[in-house]
Amino acid sequence: MCLMDVERLSTGVEGIDRMIKGGIPKNFIVAVVGEPGTGKTVFCIHFIGSGLEVGEPGIYVTTEESRNSIIRQASMFGFDFRKHVDEGRLVVIDALMISRGDPWTLSSLDVEELVNKVIEAKKYLGYGHTRVVVDSMSAFWLDKPAMARKYSYYVKRVLARWDVTVVLTSQYAVTTSLGFGFGIEHVADGIIRFRRRVIGGRLRRFIVIEKMRQTPHDTRVHEIDIVDGKGMVVLGPYKLTREEVSMPIDVVKRILSAELRKELEFVDNEKLNE
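A short tour of the structure in this document, coming up. (Residues numbered from 1 in each chain as written. Predicted model: local features only at pLDDT ≥ 70, side-chain atom pairs only at ≥ 80, totals over all residues. Heavy atoms only, no water.)

1. Some remarks on helix α5 (residues 111-125)
Every α-helix carries 3.6 residues per turn, so stepping three or four residues along brings you back to the same face.
Working step 1: Counted at 1.5 Å a residue, the expected span for α5 with its 15 residues is 21 Å, and the 21 Å between its end C-alpha atoms agrees.
Working step 2: Along α5, the positions that sit buried rather than exposed are Val111, Leu114, Val115, Lys117, Val118, Ile119, Ala121, Lys122 and Leu125.
Working step 3: Where α5 begins, the side chain of Asp110 points an oxygen toward the backbone nitrogen of Glu112, at a separation of 3.1 Å. (Helix = DSSP H or I, 4+ residues; strand = E, 2+ residues; numbered from the N terminus. Expected span 1.5 Å × (residues − 1). Buried < 20%, exposed > 50% of the residue type's maximum accessible area, 1.4 Å probe, protein only. Polar contact = N/O pair within 3.5 Å; in protein donor to acceptor, adjacent residues only side chain to side chain.)

Quick look at the structure:
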């Protein structure tokens, strides 16, 4: 297929769309990864909100904030998620606040239950393409990080049959020396990484497109900002120095050590399943 023939979906952030030649290719699975506080949830709200504006229904799975919190945040950026929920164009699946009698909650952080609930929501929304966000996948393997790749592959394999474009977020916490993004990254069609640094006494956020299949994407680091009433904006390319972009060597060693342990656990689990 010619690259010009690829159908793309706007992310809802004009500057990011420019970085990926107009948007995310339809029916892709995209990993949105980074530390807490870098803008991943704001990006997901834009992605779902942009689809709703052009008539595409959405499914938003939230595991770290309540449904009401996501709806409130969306309203801060001009998206009326509550209206779309009430009118049957948006389903917000809440894995945090389990409510008796609420059909759109998860009773446990189980990947099969997650996928089944997303499919149930897809059937409820009806035929046609749907945008899906799971924010975040990290919650499903916090106590078993070696299963991250297997769980991510399961989500991709099953949802690929349902005419959806999926954004899966994942985060790594330097303080715990664990990287929770790697399982998603192995199976994703695209990887969008958010980062943050304190530079000159001020918190600054950045984005880089690490991978996007079928797309000659921008490979430069760009600075972003989150603006009240507007949401995420791309300020432009930013040249990070080695000191600004690098982690302390002791932190790098701990993360690599944790990743090695996870890989060994994964291999051991695979052998047990043979």
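Having put the structure on the table, let's press on.
2. Quick notes on unusual backbone geometry
Peptide bonds are mostly trans, and most non-glycine residues show a negative phi.
Working step 1: In this chain, Asp135 is followed by Ser136 through a cis amide linkage whose omega measures 10°.
Working step 2: Relative to the assigned elements, Ser136 resides in the loop between β6 (130-135) and α6 (148-159).
Working step 3: Positive phi, normally seen in glycine, also occurs at Asn27, with a value near 75°.
Working step 4: Mapped onto the elements, Asn27 comes out in the loop between β2 (24-25) and β3 (29-34).
Working step 5: One non-glycine residue, Asp163, lies in positive phi territory at about 50°.
Working step 6: Within the secondary structure, Asp163 is located in the loop between α6 and β7 (164-173).
Working step 7: For Asp163, a relative accessible area of 30% translates into the label partly exposed.

3. Things to note about the pattern of salt bridges
Working step 1: Tallied over the full model, the rule gives 13 salt bridges.
Working step 2: The partner of Glu120 in a salt bridge is Lys117, with the nearest N and O atoms 3.4 Å apart. With Glu120 and Lys117 both in helix α5 and 3 residues apart, the pair spans about one turn of that helix.
Working step 3: The exposure class of Glu120 is partly exposed, given its relative accessible area of 37%.
Working step 4: When its relative accessible area of 14% is taken as the criterion, Lys117 is described as buried.
Working step 5: Of the charged contacts, one joins Arg220 and Asp218 as a salt bridge, the two residues approaching to 2.8 Å between their closest N and O atoms.
Working step 6: Taking relative accessible area as the criterion, Arg220 reaches 46% and is therefore assigned partly exposed.
Working step 7: With a relative accessible area of 17%, Asp218 lands in the buried category. (Salt bridge = Lys/Arg side-chain N within 4 Å of Asp/Glu carboxyl O.)

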